[in-house]
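Coordinates in review
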Amino acid sequence: MQISKYIPQTRILIFAVVVLGLAAALLLKDQFAALRPPAKPSLIGGPFSLIDTNGATVTEQDLRGHYTLIFFGYANEKDVTPTELRVIAAALGELGADAKRFKVYFVTLDPERDQREKLKFYLSDISPELEGLTGTPEQIAAMTKAYHVGFRKIPDPKAPKSFEIEYSPLIYLMGPDEKFITPFEYTTDSKGLADSLKRVIE
């Protein structure tokens, strides 16, 4: 009975020690954060030169002054590419007037088959907000290298001239300063994408 009188006081003492310990840890964390060197510039992004569906040249300078969503894929792909492009279009619809602050570029990984006229027709069925970009295989390779996009052709053994392309289905968000902000994975739905974009521009 006598010991039980000290239990509440002991608990209070332990609680006080824990609180003081957390406060000290947070203080030290802030101090160490101030000493950390600034983050290195992103390695994603860089110079490129492609043409849009109207035949106009588009370079990295066209990313300046607004946010840009970039998705790499190809028109002959029936699953991931159309799904992601529709997710982007739906997310822009959820943004309302703020959608004007974004540009969206669909960069083909299949320039031999995805000529600008084909891309224009292909994207018109999805959304007028999307702009297709194509170019020579060398120009596409240069941009995919700058954006660290992994892809490879998989030939069809039954049709030598036919092939599929295996690639990393990421949506790249670039800032008004042309700097990479964040990627969005294939599993991101339109609402999740729209909510993330709202937080970026707030």
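Everything below is about the structure shown above.
To keep things clear, this report deals only with the structure shown in the data block. Everything numeric in this text was worked out from a predicted model, so none of it was measured.

Of the two faces of strand β8 (residues 171–174), the one carrying I171 and L173 and the one carrying Y172 and M174 are both buried. With four bridges connecting them, strand β3 (residues 67–73) and β8 associate as antiparallel partners. From the neighbouring strand, T68 faces β8, where its bridge partner is M174. Pairing of β8 with strand β9 (residues 180–184) involves four bridges; the strand directions are antiparallel. Residue pairing in the sheet places M174 in a bridge with F180 of β9.

Bringing the environment of Q115 into the picture now. Looking at the element boundaries, Q115 is found in the loop between β4 (102–108) and α3 (116–124). Looking at Q115, the relative accessible area reads 42%, which means it is partly exposed. Placed 64 residues apart in sequence, Q115 and I51 show a C-alpha to C-alpha distance of 9.8 Å.

To continue, consider the pattern of salt bridges. For the structure shown, the criterion picks out eight salt bridges. Ionic pairing is found between R113 and D110, a salt bridge with its closest N-O pair at 2.4 Å. Its relative accessible area of 0% is what places D110 among the buried residues. Measuring nitrogen to oxygen at the nearest pair gives 2.9 Å for the salt bridge that ties K191 to D195. Of this pair, K191 and D195 both sit in helix α5 (residues 190–201), four residues apart, which is roughly one turn of the helix.

Below, the discussion takes up the environment of V107. Locating V107 in the fold gives a position in strand β4. Taking the C-alpha atoms as reference points, V107 and L119, twelve residues apart in sequence, are found 9.7 Å from one another. Not counting residues within four places of it along the chain, the set of residues in contact with V107 comprises L50, I70, F71, F72, G73, L133, I140 and M143.

Membership of the largest hydrophobic core comes to 49 residues, with the highest contact counts inside it found for I70, F72, I88 and Y147. Here this core gets seven residues from one element, more than from any other, and that element is helix α2 (residues 80–95).

With six bridges joining them, strand β6 (residues 151–156) and strand β7 (residues 159–167) adopt antiparallel strand pairing. Opposite I154, over in β7, you have E164 as the bridge partner. In this structure, the hairpin formed by β6 and β7 is closed by a connection of two residues.

Among the structural elements, T108 can be located in strand β4. A relative accessible area of 0% places T108 in the buried class. Of the polar contacts made by the side chain of T108, one reaches the backbone nitrogen of D110; its length is 2.9 Å. When neighbours within four sequence positions are excluded, T108 is seen to be in contact with G73, Y74, D114, L119, L133, T134 and I140.

Calculation criteria
Residues numbered from 1 in each chain as written. Predicted model: local features only at pLDDT ≥ 70, side-chain atom pairs only at ≥ 80, totals over all residues. Heavy atoms only, no water. Buried < 20%, exposed > 50% of the residue type's maximum accessible area, 1.4 Å probe, protein only. Helix = DSSP H or I, 4+ residues; strand = E, 2+ residues; numbered from the N terminus. Pairing = 2+ DSSP bridges. Salt bridge = Lys/Arg side-chain N within 4 Å of Asp/Glu carboxyl O. Contact = heavy atoms within 4.5 Å. Core = buried A, V, L, I, M, F, W, Y, C linked by side-chain atoms within 4.5 Å. Polar contact = N/O pair within 3.5 Å; in protein donor to acceptor, adjacent residues only side chain to side chain.

Purely geometric numbers; function is a separate question.
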